[in-house]
Amino acid sequence: MSSDPKPNHAIDLDAIRARLAQPGGRRHWQSLEQLQDTKEFRNFLENEFPSNAEGADKERDVINRRDALKVMAASAAMAGLSACTKLPTEKIVPYVRAPEEIIPGKPLFYATSMALQGVATGLLVESHMGRPTKIEGNPDHPGSLGGTDVFLQASVLGLYDPDRSQTVVFEGRISSWQAFVAEMGNLQSQVAPKGTGVRILTETVTSPTLTAQIRKLLQQFPEAKWHQYEPCGGDNAREGARLAFDKPLNTVYRFDQAKVVVSLDSDFLVSGPGHVRYAREFASRRALEGPQSEMSRLYVVESMPTSTGAMADHRLPMRTSDIQLFALHLASAVGVSVSEPDMATPLLPPGQVPQPQRLSPTVENWLTAVARDLLSNRGKSLVVAGEGQPPVVHALAHAMNEALGNSGKTVYYTEPLEANPVNQTESLRDLVNDLNKGHVKLLVILGGNPVYDAPTDFGFGFALLKAKTRVHCGLYNDETAELCNWHVPAAHYLESWGDGRAYDGTIGIVQPLIAPIYDGHTLQEVAATLTGDSGKSAHDLLREYWQSQRPEKDRAFEAFWERSLHDGLMANTALPAISAQLHPVFEREFSSTAAAASPNELELVFRPDPTILDGRFANNGWLQETPKTVTRLTWDNAAMMSPVTAAQRGLASGDYVTLRSGGHELKAGVLLVPGHADNSVTLHVGYGRRRAGSVGTGPGFNAYFLRTSSAQWVASGLQIEKTGDTYFFASVQHQYTIDFEGHPAEEESVNAFRRDLVQVATLDEFRKDPNFAKAPETTESHGLSLYPDFKYTGYAWGMSIDLNRCVGCNACVVACQSENNIAVVGKDQVMRGRAMHWIRIDTYFDGGLETPEMYFEPLPCMQCENAPCEYVCPVGATTHSPEGLNDMTYNRCVGTRYCSNNCPYKVRRFNFYLYSDYKTPSLYGLRNPNVTVRSRGVMEKCTYCVQRINAAKIRSEEENRQVRDGEIVTACQQACPAEAIIFGDINDKKSRVSQLKAQSRDYVLLADLNTRPRTSYLARVRNPNPEIHE
Amino acid sequence: MPQIFHHSTNFISRMSIYGAVLILGGLALALYEIALSPWYTDQNVSREQPVPFSHRHHAGELGIDCRYCHTSVEKSSFAGLPPTQTCMSCHSQIWTNAGMLEPVRASYRDDVSLSWTRVNALPDFVYFDHSIHVNKGIGCTTCHGPIADMPLTYRAASLYMSWCLNCHRQPAEFVRPKSEVFNPYYQPPSHDHPVTAEDGTSFVDQAALGSYLVKEYKIQSLQHCSTCHR
């Protein structure tokens, strides 16, 4: 933020609308900056490397003539000298006793699981000589099926994070595990026999072992209490199930069975339990083999545009607090018996003046059409409520699924995943009350950071200090650790033994890939110090627990154990579906729930951040730099609102404002988001950390300051006031815009080729014209080149990206970063357009500012057969391989950047500074040894993971066969939960990629340039409801 | 106007020009020679090691197979350096008191690795793979030289890219039957020493053997950058 004297110009909506209404204009747009044609946008459009991005640190740019000459002279001298270095003498240090299985140079893969908010997802982790380097999904695990998400992909960086807590700390001084164990023994005898004043605070726990330990503790100390708290946990879902079924249940969806899906503010494709699996299931119903294929239809009602919203065939922007009313009407329309009084005076707390609670006519029509669609697909439809919605909406969704006969078909219920499903907000409230009363003698916090993320009205930090002895076990010495007497570094999950349940209850095993790098201990080991099992390792605790639980004994157990470790899960442990009866008094509950805000009131919506979640990943540079879905914002959160709402209040993107809500205030930057509901402001939590580490401390605004226990997801009555300052965001939305305007078409015929970069049709249009995506004229482009055509006789690598499947979750972006040792550059460099991601997810909008359709387009290097980059390289650093790859030889590159200038797709990335961290020892272990770590002054780009191609080719050559289809999987393809990316040999007509490229939806970007890209796209097909006119 | 310079200056200027060319040329030649010299490439320079291990003794006189120690050469990019345990499998029985072997015993006893000096090192941006080479009939000695005749190991080739490409451009000149890959005394076929391929065909010159094996082993002449750089 800076006190820029120049005020931000409020957005001119009329001008934008006029521009959008222009006939003959390009249909799709990427950002408001583009629509307004701002100077900054022009700067990024026309210059591959804009030098003075607005808001970037100007200090770094200042260089005077004298310095320039010095640098030039020094460079010339160094350039000559650097060629004369001798290779340094290297050492080889073999094992003393070689472990079994390890073949130096060959990676090993181990199955493990990562639990996030209690839900475990199965993984296969690549290990090089004992160093975990890359996370992949476990194809056998029901929660993954081989797919991953950004958090799973980036978790390996968390392991090597140099800021992780490294030692046991007592009263701010370095202590030891032994001292801690001794102290726990002392405390234990002090609180014995009843354990008065002992409190355990955990995050959501699904681990059977940890549960058993805590239960044992509670048995030993009958007066001890167990609390659970997670800032973005599943309270609403739990309470919703309790409301509908009288007991907390776990809801499992089956999107592969659903023809019509209605999401009530649920971002089920990228968040919540089972989202990796759901993305796969959902995508399977969206894939089209040909014009005859059927596809599902998705309706989304939400305030802030999400991945799921972008995938919707119909998306209705609606204030979060209004969705309740919508759900009530929808429920009534699909036959849930919602009694008349509820409809007339719905959702108002006693004493509030009833207002006419009718839906607007457009929404009414929309709702009627949706209801009809649902009713005509009984048993094949699905209504999903989002975590941000109050329990009543969850209950209504359950009731609708019951009424539509979906239960048991597209949705089923199981016992809860959590061992102890409590209302976590109330659980924490109890703890805070006890703390304030001085009842707590010993508080053990196992994971979590409540000082940072507890509701602001709890004053958790102050309450915490009233406990006599406070113990914190966590990955970081964070805000909570600071206020505790004891801090024990937690072992990362890649260093731990443990277990956890998947979204369907399957028990996954957490298996360490590496011994704890620091003095880390698992939660189980810390819990064991309280139960008198302090001598036992996490492995023994886990094994003993399962030995006592499983029916298999002795050798049968050994076999079972081996099998489970190998598979990473215990087979057939998914929780069985149970029949759930709707609660009979369910209907009456509606009227007692919270109110909808009055129409013109601003609401403030809290959401977990798409990349750093509730703040736990704040110190993860990969996640900080991952552009968030739709906004493409990095390194920040923002007060996000619709352009109309902003215009009404005279606000523009970058205004630094004061947000006042519920008696608390927070300063934040404003970001306009097309498609956001009006009169609603969304704020992602997780930023504004004070003690996260060198990466996470600082960026963004701490939304938890505004979040109260009574309004955890949405607060009404938000007030916004301009401060007059400007805040600069690092959003990549308008960077790398592919430039049409810079290449004016000289003839009409060329214009015919100038196709939109993202090709979209409705299902009907597609059936009428299956070739809609193809360029209208297939002029013979061969022979236009001065060079003779190259015959690709061997393998010819190609990629097909299905825009119908891509959910824009960014898993590919982080996977690519992990696989290819891509550096993190920081906010300042991102603002200058220097983010290094080799694959980006371009986001396009179509239509007006209020309800635009949104499309994701993942964009790796196109691997053009006529690659413009190759012709201009003066040193032959980028050349063409006989298999059709644009090879990039880093050691040859001298950094002229001509190639990048000449790349129409803007996929090349340049190391302006020494972005790769060569200095931090802990990061050495992170790197993929099969990919060069690039230095300063070197161009880099996607190579279709050539290291994986070479490895597979060598394997096949040694076995004297061809590379099998599907044997080479690029990192982006492997990470994709939706199977949107398929790679293979296009000379093999039977390969999956050839078949996809043979589909009528196949098209390439900028076909008129005759670059002949190897990466092609399958056009997006929407399946709108003909009854809805937008 | 009188001449400013005396006639003799012509000679000086001529000499200066020729001299400059000569000096610059000489300098360039010197640099070139330095770049190719063993001082710079470490070619033929044996390195000091913690234990003066002799390939001549082990691989030559005793005839221990290369793969006894370099276990992963057929499976992995890295040929593998033996763990101390491998040394001790024999040296716990023979030469148990040899002073020369004290570092090996100390390593085994104290569980501290031996730290060998790398002899054949490539820059980090080169991704060489042993397994594909030995599986395609490129013998150890083709690159590592007369290993069975090295009392102390030295680098037998410059390991320059030009040296790599020399073979990649014409693999037929260097390939040998797979059965001979680990034979440290292998000689290319000649009239006196014909070489027999796996199917029994006998060859008396490398050209014939090479072109036969290139076809038989489906050897490709890979020269594009991403073969080794990525």
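So, here is what we can say about the structure in this document. Note that the structure is predicted; figures quoted are calculated from it, not measured. (Residues numbered from 1 in each chain as written. Chains lettered and ligands numbered in written order. Predicted model: local features only at pLDDT ≥ 70, side-chain atom pairs only at ≥ 80, totals over all residues.)

1. Considerations on the overall build of chain B
- Each helix and strand counted, chain B has ten helices and three strands in total.
- Moving toward the C terminus, one meets the helices and strands of chain B in the order α-α-α-α-α-α-β-α-α-α-β-β-α.
- Rg of the C-alpha trace for chain B: 25 Å, well past the compact-globule value of 17 Å for 230 residues, more than 25% over.
- Expressed as lengths along the three principal axes of its C-alpha atoms, the size of chain B is roughly 95 × 50 × 40 Å.
- In chain B, which comprises 230 residues, the share counted as buried stands at 25%.
- Expressed as a percentage of contacts within chain B between residues at least 6 apart in sequence, the contacts between residues at least 24 apart total 65%. (Helix = DSSP H or I, 4+ residues; strand = E, 2+ residues; numbered from the N terminus. Rg over C-alpha atoms; globule rule 2.2 N^0.38 Å. Buried ≥ 20, exposed ≤ 12 C-beta atoms within 10 Å, placed from the backbone. Contact = placed C-beta atoms within 7 Å.)

2. Remarks on the sheet that holds strand S39 (residues 1002-1003) of chain A
All names here are of chain A.
- Pairing is mixed in the open sheet, where four strands are placed in the order S38-S31-S40-S39. Of all strands in the sheet, those with a lone pairing partner are strand S38 (981-985) and S39, marking the two edges.
- Strand direction decides the pairing type here: strand S31 (residues 797-802) and strand S40 (residues 1015-1018), joined by four bridges, are parallel. Across the sheet, residue Ile 801 finds its bridge partner in S40, namely Tyr 1017. (Pairing = 2+ DSSP bridges.)

3. Some points on the interface of chain A and chain B
- If you look at the interface, chain A gives 33 residues, while chain B gives 36 residues.
- When residues of the side of chain A that touches chain B are traced back to their parent elements, those giving at least two are strand S2 (91-92) and helix H31 (946-958) of chain A.
- Of all the elements, H31(A) adds the most residues to the side of chain A that touches chain B, at five residues.
- The class makeup of the residues in the side of chain A that touches chain B is 15 nonpolar, ten polar and eight charged.
- Examined bridge by bridge, S2(A) and strand S1 (residues 116-117) of chain B share two bridges and lie antiparallel to one another. Bridged to A:Ile92 within S1(B) is B:Trp116. (Nonpolar A, V, L, I, M, F, W, Y, C, P; charged D, E, K, R; others polar.)

4. Side note on unusual backbone geometry
- A positive phi angle is found at A:Tyr736, which is not glycine, with a value near 55°.
- Take A:Tyr736: it is sitting in the loop between strand S29 (730-731) and helix H24 (748-753).
- Looking at A:Tyr736, the number of C-beta atoms within 10 Å reads 22, which means it is buried.
- Of note in the backbone geometry, B:Asp42 takes a positive phi value of approximately 65° without being a glycine.
- Topologically, B:Asp42 is positioned in the loop between helix H2 (38-41) and helix H3 (55-61).
- By the C-beta count within 10 Å, which is 21 here, B:Asp42 ends up buried.

5. Comments concerning the environment of A:Asp499
Residue and element names in this part refer to chain A.
- Structurally, Asp 499 is set in strand S19 (residues 498-501).
- Residue classification places Asp 499 among the buried residues on the basis of 26 C-beta atoms within 10 Å.
- Other than its neighbours up to four places away in sequence, Asp 499 contacts Ser 207, Pro 208, Thr 209, Ile 507, Gly 508, Ile 509, Val 510 and Leu 542.

6. A few points about the sheet that holds strand S1 (residues 28-29) of chain A
All names here are of chain A.
- Ordered in space as S1-S32-S33, the three strands form an open sheet in which the pairing is antiparallel. A single partner strand is all that each edge strand has here, and the edge strands are S1 and strand S33 (853-859).
- Note: S1 against strand S32 (residues 840-846), two bridges, orientation antiparallel. Bridge assignment links Trp 29 to a residue of S32, and that residue is Phe 845.

7. A look at helix H21 (residues 554-567) of chain A
All names here are of chain A.
- Taking 1.5 Å as the rise per residue, H21 with 14 residues should run 20 Å; its terminal C-alpha atoms sit 20 Å apart, in good agreement.
- Burial of H21 is sparse: only one of the 14 residues sit out of reach of the surface.
- Of the residues trailing H21, Gly 568 is marked for its positive phi of about 80°. (Expected span 1.5 Å × (residues − 1).)

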